[in-house]
Amino acid sequence: MTKQSKPLVICAPEPRSLDLIFTPEKLSELRARYELHETEADAVAGLGEALLANTRYVLGQPPIPSEALAKMSSLKAVFNVESNLLDNMPYEEIFNRGIYVLTTGSVFAVPVAEIGLGFALDLARQISQADADFRSGRELWGGDGNSSARLLTEADIGLIGFGDIGRALHRLLVGFRCNVRVFDPWLPNSVLEDHQVIPADLIEVLTESDFVFVLAAATTENRGLIGEEEFAAMRPSAAFILLSRADVVDFEAMLDAIERNHIIAASDVWPDEPLPFDHRGRSLHGLIKSAHRAGAIDTAFKKMGDMVLEDMALIDQGLPPIRCKRAERETAGRMRSKPVARN
């Protein structure tokens with residue numbers, strides 16, 4: 001196969017890189033099967049007409065205005081490896097043309113679920129606090145160090161959101177025999193019941209749970225979903241674990257609830273990243289801090305490349321993609337996550 005006969009792929013995977021999401025072997029396979037045009041995301045719309053016309057795939061989530069999309073007559077799919085759907089392309093036009101918008105975010109489900117379980121166990125047994133106390137010579141021995149400890153086993157658990165991460169976390173929790181309530185307005189109760197969790201509204205999840213996990217994607221409908229009143233309704237000393245996006249909660253209200261010792265919490269996400277050095281969250285007692293690292297693990301990134309190659313191969317044969325998740329016409333425009341930091 002000559003270079004000219006290979007399908008053309010525009011590669012603008014910011015904030016990722018090809019080396020991040022493909023193993024050396026898979027990157028060699030990508031280069032062997034396709035002609036790659038590597039460029040910056042902001043440069044895609046200004047590429048030459050001939051190049052745009054011959055593009056079969058876009059790898060990344062660059063801004064694509066309607067004028068540029070109209071020139072991309074051969075486009076079959078946009079592979080979004082950032083995995084947050086940004087409002088930077090005309091999704092309605094894309095769907096009308098039968099072009100796939102595919103995301104690879106499911107690779108993060110297990111890593112995020114595992115760190116979420118770790119946060120819950122830490123909050124339940126004060127593992128990191130006990131370590132800090134030991135280092136400073138203030139440790140409490142035996143039962144004296146467990147005055148506020150509790151078990152995760154048979155605890156009441158609340159999940160806000162039951163997508164890929166929620167389902168991965170639920171699988172991990174099965175062995176703990178927890179009572180799991182789920183609030184997810186985008187899923188019918190029958191789906192939740194099939195997964196053997198209890199459908200519930202938001203207030204039920206907050207008031208009836210010892211541990212609350214926030215796993216919902218940020219949308220146009222849930223900004224500040226959990227605010228002062230919702231935190232006040234939680235059980236005293238309940239553990240609140242924020243894993244999805246900071247915008248889903250009123251972050252200052254969360255910090256206030258922690259500061260007055262009403263709840264304890266862990267957060268992997270922040271309103272501004274990197275977090276300012278003078279932000280009160282850095283020194284707040286009762287809050288486990290994590291620097292948006294829950295899903296950012298190399299094995300997850302490399303799975304992205306595997307998924308992309310497999311779905312490209314299917315589409316090349318005139319078959320539908322099955323490895324990546326398809327963005328849906330009804331919900332694509334309602335997603336509003338910030339871009340992730342460059343890795």
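In what follows, the structure referred to is the one given above.
Here the structure is a predicted model, which is why all the values come from computation and not from measurement.

Observations concerning the nonpolar core
Piece 1. Counting 59 residues, the largest nonpolar core has F22, L59, F79, I157, L159, F211 and F213 as its most contacted members.
Piece 2. By residue number, the principal contributor to this core is helix α6 (residues 109-125), which donates nine residues.
Piece 3. If we ignore the near neighbours within four places in the chain, the residues touching F79 are Y57, V58, L59, G60, L102, V308, D311, M312, I315 and C324.

Topic: the packing of aromatic side chains
Piece 1. In total, this model carries seven aromatic pairs according to the counting rule given.
Piece 2. Plain terms: the ring middles of Y34 and Y57 are 5.9 Å apart, the flat faces sit at 80 degrees to each other, and that makes the pair edge-to-face. Of this pair, Y34 sits in the loop between α2 (24-33) and β2 (35-38) while Y57 sits in strand β3 (residues 55-60), and the two are 23 residues apart along the sequence.
Piece 3. For Y57, a relative accessible area of 0% translates into the label buried.
Piece 4. The interplanar angle of 55 degrees and the centroid separation of 5.4 Å between the aromatic rings of F251 and W270 together place this pair among those described as tilted. Residue F251 is located in helix α12 (residues 251-259), and its partner W270 is located in the loop between β11 (263-267) and β12 (287-289); the two are separated by 19 residues in the primary sequence. The two residues F251 and W270 agree in class, both being buried.
Piece 5. The rings of Y34, Y57 and F79 are connected pair by pair, giving a single aromatic cluster.
Piece 6. The ring of F211 has R150 sitting right over it, with the charged end atom 5.2 Å from the ring centre.

Re the sheet that holds strand β6 (residues 156-160)
Piece 1. Taken together, seven strands build an open sheet; the order of strands is β8-β7-β6-β9-β10-β11-β12 and the sheet is parallel. Where the open sheet ends on each side, the last strands, each with one partner, are β8 (198-199) and β12.
Piece 2. Examined bridge by bridge, strand β9 (residues 211-214) and strand β10 (residues 238-242) share four bridges and lie parallel to one another. Bridge pairing in β10 links V212 to F240.
Piece 3. Of the strands in this sheet, β9, β10, β11 and β12 are in contact with α6, which crosses β10 at around 155 degrees.

Conventions we followed
- Residues numbered from 1 in each chain as written.
- Predicted model: local features only at pLDDT ≥ 70, side-chain atom pairs only at ≥ 80, totals over all residues.
- Heavy atoms only, no water.
- Core = buried A, V, L, I, M, F, W, Y, C linked by side-chain atoms within 4.5 Å.
- Buried < 20%, exposed > 50% of the residue type's maximum accessible area, 1.4 Å probe, protein only.
- Helix = DSSP H or I, 4+ residues; strand = E, 2+ residues; numbered from the N terminus.
- Contact = heavy atoms within 4.5 Å.
- Phe/Tyr/Trp six-rings, centres within 6.5 Å; stacked < 30°, edge-to-face > 60°.
- Lys NZ or Arg CZ within 6 Å of the ring centre and 35° of its normal.
- Pairing = 2+ DSSP bridges.
- Axes fitted to C-alpha atoms, helices over the stretch in contact; angles between N-to-C directions.

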